[in-house]
Amino acid sequence: MAPPARTAPATEEVDPDADPSRPLTRVRISHGDLRFARHHVLVGHYPGSTLVGGEGALDELLDGRLSRAATLGIYPGPIETCQVFTDPEQWTRPPGAVVAGLGPIGGLSAATLARAVAHASLTAALGHLTGGASATHTEVLQLRLSSLLIGTGQGGLPVRDSVQALLTGVQRANDRLADTQLGVHIAELEVIELWQDRALQAVEALGSSLTSSELADSFTADLRLEERPGRQRRLLFSEPSGWWQQVRVRSEADGSLTFEASTRRAGTPTRTVPTQRALVDRLVESLVDSPSPDPSAARTLFELLFPNDLKAQAPDTDNLVLLVDRGSAHYPWELLDDQGTQEDREPLGVRRGLVRQLEGSSMRSHVLSATSSRALVVGDTASGLSALPAAQKEARNVAEALRASGFDAEPLIAESGTKVVQALFASSYRVVHLAGHGVYEWPLGDGTDATVTGMVLGNGMYLTAGEVGQMRQVPELVVVNCCHLGSMGPAAPIGAVGTGGPGGPAGPGGVPGPGGTSGPAPRTGNYHRLAASFATELIDIGVRAVVACGWAVDDGAASTFATTLYDRMLSGLTFGEALGAARWQTWNDYPAVNTWGAYQCYGDPDYRLAPDAVVHRATTVRRAPASAEQARVEIENLSQSVDVSRNTRYGLDRLRELYEALTPEDREDDALQVLIARTYNKFGDFAHATQYFEQTLERGGTALTVRDFEVWIDQVVRAAATSEDAVDDAVATIESAIERLRALLDNPASLVLGAHAPERTAFLPGDTHPSPGGVGIDRLWRVASAYKRLALVTCPERPGGPHTGDWTQTHQALVAMSEWYAAARTASGATDRRRHGALANWLAAELALRWRPVEGRTALDRSEARDLIDDALEAAREEAYLAPTFWTVAVYADLLVLAALWSPRATADEAQQALDLYRRASELGSEEQLRQVRDQVDFLLVMAGTEAHRRVAFLNTLHDGLVALDTPTDGTTEPADGEGAEVAGGTVTA
């Protein structure tokens, strides 16, 4: 959503029947990284879900603005809710987000998405108006939006439906704006997609939509894919391994269950399964009354409850999200198993992830989630019932694990009910862990029919979801382990989950058992109902993730489950991943009990408990490529990612892994060797780049291009400039490289044709005739760069330099540097964005010659230099803002630096302004690109020396600021194989 500009209607030829007040909206499809979206990005959000994927990346780019709104409970979710986020910093890319609520997970269709897009577009348009006044009929604000392919993915909408819905929503919004004469028009919609295959599908869908529907009257589009930095491609499309398929289960009044399952096809087929409630309840009780597995009952329930076509999908590897209502929540879905399971095979609930979500939740509005790193851990209470040593041990272990991850967590062990409740309200907690006795619909014994469900505190007190709901800040994660955890005494009264005390005392809170007796009473199989009731009430009040134990469990198995769950979540895994690991570990270690399936787990499978830094370090599975072509594609993606990566170490490590995974035959592939060399060069690892380049040359170099030779020669120059060899050796190497580069410029065909190559027609610096052009800027730039390094190597005042006091070679190199960068500027043309970079490099050379004047040479006049900079600044700023990449933003900063250095006095404020822009550029580029900027500042520092001491403080401020920006974000040390690789992309680089 670029800054609005009041514009008159377009003047080009239009349809005479068209309404002049409704101009066409331009649509484009961009293939690249999200940070290169041109405008505010439209993204969708499901209620209760976490910010992942594109939405999570957008939140990170906008400094956490989206997640903070979600934490405060003011984030969109229901259909036709929306919020606009804008970064006040004008250089932020993307500049903001428009978040549209999509309604319940699994319920999205093309029609509902069009409604959501229309509402979000209108919300953004309304925020675009100034002063609340309408514009005139001939003058409208032009609103521009970017968008993700909302709702696509496995179980979601096809790309064609998403594109059609986006267009329909924007069309409806524009119609509404025109009808109400609010003076805003959505003039452009950019759809941005990271993956090439999906971007191409979007282009095809766009073309189809505009040729076969009424949408053609509202839109215009160039059906060509626009490539942006960071773009990726893949050989085989596969859904993300962490996808969770949604299955909605509703209980009907007649006892039947209705299933709706999202599939890879559009639509959600509905199946209704008639059930005998009494029969099913008996089978459920047989499962939950004993901690021992009952495979027969598990398989029988699976056959009775699941529709036949869903049974056929059971062996699939998809994870499951069960959207249950209160009538179906109490079923032990985790334990059900398909008939095909072999005796030694993992149960269905172990081999597939399974998380519950509550449908129809009446979650309170404006949930304020706790953000502190504090946890309340309760291990048993002074309930008056039998002690639970296993619960006490579990609480201590959980608290210890939380403290090790930075949480403030002191366990309350067998404390009184009063102290537990006071602790609950004493602070805000992100985590609440409860282990002890529990009851389900237990009579309060106050002479009424009132019952209570919750944790027994003693003396007639209980901790229920109601008390948790009264907390001002709701916990994110609640774990409820209220069941048989320790050595059990006599059986509990009917309805109690827990036991009476030694000798069979009265029930919880001193309430007598049935008939006024305190002796043993028969079990009723209500343990799973306690978990379902407590968990659903906690979800209602806004808790993001709930784990509730459903029946009597084995002590050791319960400890394993809790330990694994917290270990995985605190190490950075998602809720769903941690649950899967905990279930598998518990089943693997304790196969003789069903504890692994006793936990009913509600929430978003993508929720994370760990802080961002831990999540960043969480390990990911990196598989070896199955073929050389697959390796080639991933290496190409790594090469593209250099332009947006702030983690060079990961890319270099992965590149080495890919090479080591290749077969010896694949390693002999010259084209693959060249690709690896190019990628190492982009990462700035010039030693390895040269190694692979020379290996290819040894085998004939058939896959090499002229550009590869130019890059290799450039690497030789860089290596010589940074080596510890004698100055004379470095000078000889650089001068030899310059001769090679000039030979390629003189006649590039000579590289292949030798003496048979045709004569060149272009002119170069030093020729006696004026240059008519015809030489590419890249080659001119590389020669100029080599002369710059030659000037550095020979500079008498450079640290480690010759210290001879003789400036002759340095002066010659600086003069050549100036001439060749001037030639590059001329070759760039008036529309080439690199012209500003060439100008900046030329002015840097002239500045050095002004500080270190050459006798008999006329220096560039200061006023002329300032005029050139002033003329370029406006265009450079516009390019940096409208087409932001690392280089366009960095070059604008370079020109501001030069403006300060060519002025009478360079100020600290000017240095800070440039550093702010370099910081913004760094968010659009790589560590390698940022180091290139720092190299230029170092060049100017060396040339300034003691001759321009008033400029040295300014340059030192820039140097220190760039070093701080260049510090790796993950704390690793980057390789020092050479200086930054220069590209003719436009900055003041060495």
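Keep in mind that what you see is a predicted model, and the values were worked out from it rather than measured. (Residues numbered from 1 in each chain as written. Predicted model: local features only at pLDDT ≥ 70, side-chain atom pairs only at ≥ 80, totals over all residues. Heavy atoms only, no water.)

## Regarding the overall build of the protein chain
At step 1: Assigned secondary structure in the protein chain consists of 32 helices and 24 strands.
At step 2: For the protein chain, the proportion of its 990 residues judged to be buried stands at 55%.
At step 3: Within the protein chain, contacts between residues at least 6 apart in sequence are counted, and of these 75% link residues at least 24 apart.
At step 4: For the protein chain, the computed accessible surface area is about 40900 Å², with 50% contributed by carbon and sulfur atoms. (Helix = DSSP H or I, 4+ residues; strand = E, 2+ residues; numbered from the N terminus. Buried < 20%, exposed > 50% of the residue type's maximum accessible area, 1.4 Å probe, protein only. Contact = heavy atoms within 4.5 Å. Areas by Shrake-Rupley, 256 points an atom, 1.4 Å probe, with all protein chains shown as cover.)

## Observations concerning the packing of aromatic side chains
At step 1: Tallied over the entire structure, the rule returns eight aromatic pairs.
At step 2: Measuring from centroid to centroid gives 6.1 Å for Tyr75 and Phe85, while their planes differ by 40 degrees, and the two rings are tilted. Of this pair, Tyr75 sits in the loop between helix H2 (65-71) and strand S4 (82-86) while Phe85 sits in strand S4, and the two are ten residues apart along the sequence.
At step 3: A relative accessible area of 14% means that Tyr75 is categorised as buried.
At step 4: Classification of Phe85 as buried rests on a relative accessible area of 7%.
At step 5: Three or more aromatic residues joined by ring pairs form one cluster here, namely Tyr659, Tyr680 and Tyr692.
At step 6: One Lys or Arg, Arg667, reaches over the ring of Tyr659 and ends 4.8 Å from the middle of that ring.
At step 7: Over the face of the ring belonging to Phe939 we find Lys788, whose NZ or CZ atom lies 5.4 Å from the ring centre. (Phe/Tyr/Trp six-rings, centres within 6.5 Å; stacked < 30°, edge-to-face > 60°. Lys NZ or Arg CZ within 6 Å of the ring centre and 35° of its normal.)

## Describing the pattern of salt bridges
At step 1: Applying the stated criterion to the full structure yields 39 salt bridges.
At step 2: Between Arg782 and Asp714 there is a salt bridge, with its nearest N and O atoms 3.8 Å apart. Note that Arg782 is positioned in helix H25 (residues 777-794) and Asp714 in helix H22 (residues 706-722), a separation of 68 residues in sequence. Comparing Arg782 with Asp714 shows no difference in burial state: the two are buried. (Salt bridge = Lys/Arg side-chain N within 4 Å of Asp/Glu carboxyl O.)

## Points about the nonpolar core
At step 1: In this structure, Leu843, Tyr918, Met943, Phe954, Leu955 and Leu958 are the most contacted members of the largest nonpolar core, which totals 96 residues.
At step 2: In terms of residue count, helix H29 (residues 886-902) provides more of this core than any other element does, 14 residues in total.
At step 3: Sequence-distant contacts of Leu843, defined by excluding residues within four places in its chain, comprise Leu860, Ala865, Leu868, Ile869, Leu898 and Trp902.
At step 4: Core analysis: the next-biggest nonpolar cluster, separate from the first, contains 43 residues, Trp333, Leu424, Tyr429 and Met471 among them. (Core = buried A, V, L, I, M, F, W, Y, C linked by side-chain atoms within 4.5 Å.)

## Here we look at the packing of helix H26 (residues 808-828) against helix H27 (residues 835-851)
Packed helices, taken two at a time, are described by the angle their axes make and the gap between the axes.
At step 1: Closest axis-to-axis distance for the H26/H27 pair is 8 Å, and the angle between their directions is 160 degrees. In terms of orientation, H26 and H27 fall into the roughly antiparallel class. Remark: the crossing between H26 and H27 carries left-handed chirality. Counting all contacts with H26, which are made through His811, Leu814, Val815, Met817, Ser818, Tyr821, Ala822, Ala824, Arg825 and Ser828, the residues of H27 involved are Arg835, Ala838, Leu839, Asn841, Trp842, Ala845, Glu846, Ala848 and Leu849. (Axes fitted to C-alpha atoms, helices over the stretch in contact; angles between N-to-C directions. Parallel < 35°, antiparallel > 145°, perpendicular 65-115°, else oblique. Left-handed = near helix turned anticlockwise from the far one by under 90°.)

## Describing the packing of helix H20 (residues 670-683) against helix H21 (residues 686-698)
At step 1: Where H20 meets H21, the axes come as close as 7 Å, and the angle between the chain directions of the two elements is 160 degrees. Classified by the interaxial angle, the pair formed by H20 and H21 is roughly antiparallel. Both H20 and H21 take part in a crossing whose hand is left-handed. Facing Asp670, Gln673, Val674, Ile676, Ala677, Tyr680 and Asn681 of H20, the residues of H21 in contact are Phe686, His688, Ala689, Tyr692, Phe693, Gln695 and Thr696.
At step 2: Taken together, the residues that form the contact of H20 with H21 break down as eight nonpolar, five polar and one charged. (Nonpolar A, V, L, I, M, F, W, Y, C, P; charged D, E, K, R; others polar.)

## Considerations on H27
At step 1: The end-to-end C-alpha separation of H27 is 24 Å, in line with the 24 Å expected for 17 residues at 1.5 Å each.
At step 2: Where burial is concerned, most of H27 is hidden: 16 out of the 17 residues are buried. (Expected span 1.5 Å × (residues − 1).)

## Digging into the pairing of strand S10 (residues 244-251)
At step 1: Burial runs high along S10: six of the eight residues are buried.
At step 2: Where S10 lies against strand S13 (residues 319-324), six bridges are found, and the strand directions are parallel. Among the inter-strand pairings, Val249 is bridged to a residue of S13, identified as Val324. (Pairing = 2+ DSSP bridges.)

## Here we look at the pairing of strand S21 (residues 477-482)
At step 1: Of all six residues making up S21, six are buried, and the element is well covered by its neighbours.
At step 2: Covered by surrounding structure in S21 are Leu477, Val479 and Asn481 together with Val478, Val480 and Cys482, the residues of both alternating faces.
At step 3: Pairing of strand S17 (residues 431-436) with S21, which is carried by six bridges, proceeds in the parallel orientation. Residue pairing in the sheet places His433 in a bridge with Val479 of S21.

## Here's the deal with the confidence of the model for the protein chain
At step 1: Scored by pLDDT, the protein chain has a mean of 78; 75% of the residues are at 70 or more.
At step 2: Across residues 969-990 the pLDDT falls below 50, and counting only partners more than four positions away or on other chains, this stretch makes 86 contacts in the model. (pLDDT = per-residue confidence, 0-100.)

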